[in-house]
Amino acid sequence: MTLTRLREICRAEALPSFAAGQIARWLYVRHAGELDAMTDLSRAARQQLSTRYEARISPPLRTSVSADGTKKYLFGTPDTGYVEAAYIPDGERATLCVSSQVGCRMGCRFCATGRQGLRRSLSAGEIINQIVAIPESARLTNIVFMGMGEPLDNYDNVLAAIEILTAPWGMAWSPTRITLSTAGVTPRLEQLLEETKVHIAVSLHNPFHEERAEIMPIERAYPVRELAAMLRRHDFSGQRRLSFEYILMEGLNDTPAHIRELRRLLNGLKCRINIIRFHRIPDSPYFSPPRPQMEAFRDALTAGGIHTTIRASRGEDIQAACGLLSTAEAMKRAARDGSAGTRAEEVGAEKDGAAQTEP
């Protein structure tokens, strides 16, 4: 809950207004796991609040560990849904890739999450829980909204989570430590640019309208050319960073024509392109070109004035790399076994195979 919501609760419960700030500190600075831990509230206030509310941190149900040090955490939701978050250590940098929805309705053809469809959006609390519930929480340097779901399809809860992360009364992070990735929900993205200062990453993947629409249905509703025109109206000359994610797929989006069109599309924008190797998902017709071709594509864009990098793949062996997050199997087991006991079975299965999946 944001400070505004906590103040509303305190008014409704006839508690002093300063109690909202006390509760916020317990939730977002001290990470209290129960209301009774909030000892600077009176016992009567704690008992009164406990009749309607609870403070709870829900630990991950399962941890998978990659050979490269990446960790994937599986979280359950009250309705027996599941989401995944990926922890990526890299020297002094420690990034957590968080999810914003159970599944996704964008339907991108190259993404495992999109195959699940959308079950529901996460609450702000379920988003923040991914951050505070992992063992590495205190070591995190960056948060990226690049996990399951389209963040701008869950705008209000994502905005509340960003407020909790960045507000002085909350976790007091600099917005420059946060990046939000979107497939391009243009009206919501413009709203986000006005209401926050977080970095933006746009999933581009093809500069041509019809070709992009074939792999990203959102292009029909929000053409990338209109998205680029909107972005030109905003200032990216300061600390805020704008990047475009580009999964390179051989024969689909890797030709000289694509390079020329990318230059035209992004002309005048202060941005970078992150090239990503395609990570295979079952029954997918796509695959990435060899590394030398990826480097040639990168160099041609850089020579054309667009700073371009090839992003290193992390966690592919545990299905934690870009485009691979999927809880479809966990949902199938839940549907087959029924909700009762399913989560205990998840944890038990991991303990049986602890050498492979637990640190």
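As the structure is a computational prediction, the values presented were derived from the model and not from experiment. (Residues numbered from 1 in each chain as written. Predicted model: local features only at pLDDT ≥ 70, side-chain atom pairs only at ≥ 80, totals over all residues. Heavy atoms only, no water.)

A. Here's a closer look at the sheet that holds strand β1 (residues 62-65). Taken in spatial order, the 10 strands make up an open sheet running β1-β2-β3-β4-β7-β8-β9-β10-β11-β12, and their pairing is mixed. Looking along the sheet, the strands with just one partner apiece sit at the ends: β1 and β12 (307-310). Sheet twist, expressed as the average angle between the axes of neighbouring strands with direction ignored, equals 20°. In this structure, strand β8 (residues 178-182) lies alongside strand β9 (residues 199-203), joined through four bridges in parallel fashion. Bridged to Thr182 within β9 is Val202. (Pairing = 2+ DSSP bridges. Helix = DSSP H or I, 4+ residues; strand = E, 2+ residues; numbered from the N terminus. Axes fitted to C-alpha atoms, helices over the stretch in contact; angles between N-to-C directions.)

B. Main features of the packing of aromatic side chains. Throughout the structure, instances matching the rule amount to three aromatic pairs. Plain terms: the ring middles of Tyr28 and Trp169 are 6.1 Å apart, the flat faces sit at 55° to each other, and that makes the pair tilted. Placement of the pair is Tyr28 in helix α2 (residues 18-28) and Trp169 in the loop between α5 (155-166) and β8, with a sequence separation of 141 residues. Taken as a pair, Tyr28 and Trp169 share a single burial class, namely buried. Pairing Tyr246 with Phe297 gives two aromatic rings, centres 5.6 Å apart and planes at 25°, and the pair type is stacked. One end of the pair, Tyr246, is in strand β10 (residues 242-248); the other, Phe297, is in helix α11 (residues 291-303), and 51 residues separate them in sequence. You'll find Tyr246 and Phe297 in the same group, each marked buried. Over the face of the ring belonging to Trp26 we find Arg30, whose NZ or CZ atom lies 4.2 Å from the ring centre. One cation-aromatic arrangement involves Arg177 over Trp173; the distance from NZ or CZ to the ring centre is 3.6 Å. (Phe/Tyr/Trp six-rings, centres within 6.5 Å; stacked < 30°, edge-to-face > 60°. Buried < 20%, exposed > 50% of the residue type's maximum accessible area, 1.4 Å probe, protein only. Lys NZ or Arg CZ within 6 Å of the ring centre and 35° of its normal.)

C. Expanded view of the nonpolar core. Within the largest apolar cluster, 99 residues are counted, with the highest numbers of intra-cluster contacts made by Phe110, Leu189, Leu231 and Phe244. Dropping the residues within four chain positions of it, Leu231 is found in contact with Leu189, Leu193, Val202, Phe236, Leu242, Phe244 and Leu269. (Core = buried A, V, L, I, M, F, W, Y, C linked by side-chain atoms within 4.5 Å. Contact = heavy atoms within 4.5 Å.)

D. Just unusual backbone geometry, in detail. The backbone phi angle of Ala14 is positive, close to 60°, even though this residue is not glycine. With respect to the element layout, Ala14 can be found in the loop between α1 (3-12) and α2. The class of Ala14 is exposed, set by a relative accessible area of 70%. Positive phi values are uncommon outside glycine, yet Ala172 reaches one of about 60°. Its location among the elements puts Ala172 in the loop between α5 and β8. According to the relative accessible area criterion, Ala172 is partly exposed, its value standing at 49%.

E. Structural context of the environment of Trp26. With respect to the helices, strands and loops of the structure, Trp26 is situated in helix α2. Residues Trp26 and Gly170, 144 residues apart in the sequence, show an inter-C-alpha distance of 9.5 Å. Once residues lying within four places of it in the same chain are set aside, the contact partners of Trp26 are His31, Ala32, Ala37, Met38, Thr39 and Asp40.

F. Examining the layout of surface pockets more closely. A volume near 880 Å³ is recorded for the second largest pocket. The wall of the second largest pocket is formed by 35 residues, among which Glu54, Ala55, Arg56, Gly125 and Glu126 lie closest to the centre. When contributions to the lining of the second largest pocket are tallied by element, the ones reaching two or more residues are α1, α2, β2 (71-76) and α4 (124-132). It is α4 that contributes the most residues to the lining of the second largest pocket, seven residues altogether. Here the lining of the second largest pocket is built from residues that sort into 23 nonpolar, eight polar and four charged. (1 Å grid on protein atoms, 1.4 Å probe; cavity = no way out; pocket = protein on both sides within 12 Å on 5 of 7 lines; lining within 4 Å. Points joined across faces, edges and corners; volume = space filled by probe spheres on them. Nonpolar A, V, L, I, M, F, W, Y, C, P; charged D, E, K, R; others polar.)

G. Quick peek at the pattern of salt bridges. If you walk through the whole model with that rule in mind, you get 18 salt bridges. Note that Arg46 is salt-bridged to Asp36, the shortest N-O span being 3.3 Å. Of this pair, Arg46 sits in helix α3 (residues 43-50) while Asp36 is found in the loop between α2 and α3, placing the two residues 10 residues apart along the sequence. For Arg46, a relative accessible area of 11% corresponds to the buried category. Connected via shared salt-bridge partners are Asp79, Arg120 and Glu126. (Salt bridge = Lys/Arg side-chain N within 4 Å of Asp/Glu carboxyl O.)

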